[in-house]
Amino acid sequence: LRSLGLALLSVLAAVPGTVSGSDASLYLVDTTFSDQRTTINRVNPETGELRLAADLGSSFSPVFGLAAADNKVLYATGTDTSTNDACLGLRSCLLLRVELAPDPTSLPDVTIVGPVRSPDGVVTEIIGLAFRSDGMLIASSQETSTIYVVNPKTGLATVLTELDLTLHGGDA
């Protein structure tokens, strides 16, 4: 794979139920350090070739977590760079629903679900996302070293387990 500016090579999202072959979709999110631009790339699982699937610009950068609901809809955790600062000065707390456009040069449809929040408050620094078989998301936070179950429709999170290790970026 090409050099990705080290933003986050950790975030590979596979469409549930796909493993390999021409129908398999594997996605990678990349936020560059230089201009904070975030792109989502489709990865060919057999060759490692990257093809642009969506350009999110810098509105929600950095984006750390990514999970594929299907070949068209992805969920990501981005940063609230607005004056609202839902991430409380930290990053990657805003749950985004990203619907890919048929043409990767067209803007994707990005819907803000809202901040990921547990009874203890906003969950920040979400570096890993994956779908469970029941349609709920699993999220890992490098801020709390905790794994959460997240409702993709509301962003509400419940603690699944606390980890006895420190997570950073590509560890999840």
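As the structure is a prediction and not an experimental result, all values here were calculated from the model. (Residues numbered from 1 in each chain as written. Predicted model: local features only at pLDDT ≥ 70, side-chain atom pairs only at ≥ 80, totals over all residues. Heavy atoms only, no water.)

**Examining the overall build of the protein chain**
- Along the backbone of the protein chain there are zero helices and 14 strands.
- The order of α-helices and β-strands along the protein chain, N terminus first, is β-β-β-β-β-β-β-β-β-β-β-β-β-β.
- Expressed as a percentage of the 172 residues in the protein chain, the buried residues total 46%.
- The long-range share in the protein chain, meaning contacts at least 24 apart out of those at least 6 apart in sequence, stands at 43%.
- Per element, the accessible surface of the protein chain, about 8,600 Å² overall, is 52% carbon and sulfur. (Helix = DSSP H or I, 4+ residues; strand = E, 2+ residues; numbered from the N terminus. Buried < 20%, exposed > 50% of the residue type's maximum accessible area, 1.4 Å probe, protein only. Contact = heavy atoms within 4.5 Å. Areas by Shrake-Rupley, 256 points an atom, 1.4 Å probe, with all protein chains shown as cover.)

**A short note on the environment of Asp 35**
- Mapped onto the elements, Asp 35 comes out in the loop between strand 2 (26–31) and strand 3 (38–43).
- Accessibility expressed as a relative area gives 44% for Asp 35, which makes it partly exposed.
- When the C-alpha positions of Asp 35 and Ser 58 are compared, they lie 7.8 Å apart, and in sequence the two are 23 residues distant.
- Within polar-contact distance, the side chain of Asp 35 engages the side chain of Thr 32 at 2.4 Å.
- Within polar-contact distance, the side chain of Asp 35 engages the backbone nitrogen of Arg 37 at 3.1 Å. (Polar contact = N/O pair within 3.5 Å; in protein donor to acceptor, adjacent residues only side chain to side chain.)

**Structural notes on the pairing of strand 2**
- Across the six residues of strand 2, six count as buried, placing the element largely inside the fold.
- The alternating pattern of strand 2 places Leu 26, Leu 28 and Asp 30 on one face and Tyr 27, Val 29 and Thr 31 on the opposite face, and all of these are buried.
- Where strand 2 and strand 3 come together, six bridges link them in antiparallel fashion. Bridging across to strand 3, Tyr 27 finds its partner in Arg 42.
- The turn linking strand 2 back onto strand 3 is made up of six residues, and Gln 36 within it adopts a positive phi angle of 55°. (Pairing = 2+ DSSP bridges.)

**Focus: the side chain of Thr 39**
- Tracing the chain through its elements places Thr 39 in strand 3.
- Judged by relative accessible area, Thr 39 falls into the buried class, the value being 15%.
- A polar side-chain atom of Thr 39 sits 3.3 Å from a polar atom in the side chain of Asn 41.
- Thr 39 has contacts with Leu 28, Val 29, Asp 30, Leu 52, Ala 54 and Asp 55, leaving out every residue within four places of it along the chain.

**Some thoughts on the side chain of Ser 92**
- Within the secondary structure, Ser 92 sits in the loop between strand 6 (73–78) and strand 7 (94–99).
- A polar side-chain atom of Ser 92 sits 2.7 Å from the main-chain carbonyl oxygen of Ile 126.
- Once residues within four sequence positions are removed from consideration, Ser 92 is found in contact with Pro 62, Phe 64, Gly 65, Thr 77, Gly 78, Thr 79, Cys 87, Val 123, Thr 124, Glu 125 and Ile 126.

**Points about the sheet that holds strand 7**
- One open sheet holds the four strands; their spatial order is 5-6-7-8, and the pairing between them is antiparallel. Each of the sheet's edge strands pairs with one partner strand only, and the pair in question is strand 5 (65–68) and strand 8 (109–115). Strand after strand, the sheet turns through a mean of 20° between neighbouring axes, direction not considered.
- Relative to strand 8, strand 7 runs antiparallel, the two sharing six bridges. In the strand pairing of strand 8, Leu 95 is matched with Gly 114. (Axes fitted to C-alpha atoms, helices over the stretch in contact; angles between N-to-C directions.)

**Considerations on the state of the cysteines**
- If you walk through the whole model with that rule in mind, you get one disulfide.
- Each disulfide pairs two cysteine sulfurs, and for Cys 87 the partner residue is Cys 93, the sulfurs being separated by 2.2 Å. Between Cys 87 and Cys 93 the sulfur-sulfur dihedral comes to about -95°; the bridge is accordingly left-handed. (Disulfide = S-S within 2.5 Å.)

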